[in-house]
Amino acid sequence: MMAGAMRTLALLLVGLFAVLPAFARDYLELRLSANAYERADRRSAVVAHLKATPGDGLQLLKLVAAAQTNGYYQVEIPGTQADTGWVYKSYVRGYRGPAPAVPSAAPEAAAGRDALSAAAFGACQGLFVNGKPPRAPEATTPLCEEDAGVVFFASGYSKRDNRGHWSAYRIDQEHAEALEDPLPRPKMQFRQNPQLKGGGYMQPRHDSYTETGWDRGHLAPNGAMAWDEQAQRRSFVVSVIAPQKPEMNRNLWRCFEHSIREWATDTARLGGSTYVVVGVVRGDGEISSNRDPNKVPVNVPSHYFAMVYRTKPAPMALGAMVPNEEGHLDARRSMMSVSDLEARTGFRFNIDQQVANQPPNPRLWPARVVKVETLGRLPDIDVQCPRARVSPR
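Just so it is clear, the structure is predicted and the values come from calculations on it, not from any experiment. (Residues numbered from 1 in each chain as written. Predicted model: local features only at pLDDT ≥ 70, side-chain atom pairs only at ≥ 80, totals over all residues. Heavy atoms only, no water.)

> Please give an account of the state of the cysteines that cites residues and values.
Scanning the model with the defined rule gives two disulfides in all. Linked covalently through their sulfurs, Cys124 and Cys144 form a disulfide whose S-S length is 2.0 Å. Residues Cys124 and Cys144 are joined by a disulfide whose S-S torsion is about 80°; by sign, that bridge is right-handed. Of the two residues, Cys124 is situated in the loop between α2 (106–119) and β8 (141–147) and Cys144 in strand β8; the sequence distance between them amounts to 20 residues. Take Cys124: its relative accessible area is 0%, and that puts it in the buried class. Residue classification places Cys144 among the buried residues on the basis of a relative accessible area of 16%. (Disulfide = S-S within 2.5 Å. Helix = DSSP H or I, 4+ residues; strand = E, 2+ residues; numbered from the N terminus. Buried < 20%, exposed > 50% of the residue type's maximum accessible area, 1.4 Å probe, protein only.)

Next up, the structure:
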């Protein structure tokens, strides 16, 4: 009889637990408003500001891993560059309540992340293919350079590395026509970006690069901004430069930038637009200059890259990735599909997958090749690297 009673009790308990909600041990509850950091270190870049919900509301954070690192938990934060961040333990506590319902509209959630990320660039959204900015493998600060409704370029700045991480611009017919008679390069130094001032962050300066042996590599190149004087001047900010090997910057990269503008000109003649993203891959070294009173350290990229997307005569795109070193004179050897570029850099450019997978056709993407290598006075571009014939059809 006792055995029968025990069996009955066991069955009742099983039935009870079957209807009780599951408890979520892989979630944390945000106790206080807090910053989420790029790494488990409060000196790293802030990727999000998390606001605790007042009253009885709950702000839940899904854990990426249960273990702490230096007292920080890694949690999911949709809408940031890496979709994760690190929160210090004092601001959260374990959550043992019912597991949140799994969203049934994952595609909308993904679209919301894209929209949130694009909105951070304000008026510069139109500079991206389909209005979607590139997603970098690490946290960056979104910046938009525009004036009175005229948009110049967008960029992602790395406070961790104290340099530009990527820049994006677009060349349409009106830009291409103006670039056929470009404005002269302004005689000015790179200034600090007013959008980055405040909050205790110390920007590098023009002289942070002086006497280091490295050029100020321009991610929003003056040549592409030479359609408007204000666009040129706005591009002379430290937020869109990174250390670049002089032998590479003044030879292969100079010629490659000219090739991009020539592709854009041919596309514009067909009534199309060209979208360009120029960026860098994080390296292991850094520079600092005795000419900079603050000696702000600047990370030296291992590679420079570009993604170029043309809408005419049919959507097409290419990637290019060049080591940040001397000895490279032919950009054609560095050209690849956008999918390959994404795999090598960790970036996501949010273009149509079929276009991203296409290897570049040399007939449609002829590039200038360096014939006269120099570190001194720059020769005429057609002397340094004769123009290759563009065949857009």
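Additional details are given in the paragraphs that follow.
> Describe the pattern of salt bridges, listing the residues and the values that go with them.
Within the structure shown, the criterion is met by 18 salt bridges. In this structure, the salt-bridge partner of Asp161 is Arg282, at a minimum N-O distance of 2.8 Å. In this pair, Asp161 sits in the loop between β9 (150–158) and β10 (163–171) while Arg282 sits in the loop between β13 (274–281) and β14 (286–287), placing the two residues 121 residues apart along the sequence. The buried category is assigned to Asp161, whose relative accessible area is 2%. In this structure, Arg368 engages Glu262 in a salt bridge whose closest nitrogen and oxygen atoms are separated by 2.5 Å. Taken as a pair, Arg368 in the loop between α8 (353–357) and α9 (381–384) and Glu262 in helix α6 (residues 246–269) lie far apart in primary sequence, 106 residues in all. (Salt bridge = Lys/Arg side-chain N within 4 Å of Asp/Glu carboxyl O.)

> I'd like a rundown of the nonpolar core, residues and numbers included.
In this structure, Tyr169, Trp253, Phe256, Ile260, Trp263 and Trp365 are the most contacted members of the largest nonpolar core, which totals 39 residues. Of all the secondary-structure elements, those providing two or more residues to this core are β9, β10, α3 (173–179), α4 (222–225), α6, β13, β16 (303–310) and β17 (316–323). When residues in this core are grouped by element, the largest group, eight residues, is from α6. Listed in part, the 26 residues of the second largest apolar core include Phe121, Tyr309, Met321 and Val338. (Core = buried A, V, L, I, M, F, W, Y, C linked by side-chain atoms within 4.5 Å.)

> An account of the pairing of β10 is needed here, citing residue identities and associated values.
Most of β10 is tucked away: eight of the nine residues are buried. Relative to β10, β9 is paired through five bridges, and the arrangement is antiparallel. Pairing of Ala154 across the sheet is with Ala168, part of β10. Linking two consecutive strands that pair antiparallel, namely β9 and β10, is a turn of four residues; a positive phi of about 60° is found at Asn162 within it. One ladder, built from six bridges, connects β10 with β13; its direction is antiparallel. By the bridge assignment for β13, Arg170 is matched with Tyr275. (Pairing = 2+ DSSP bridges.)

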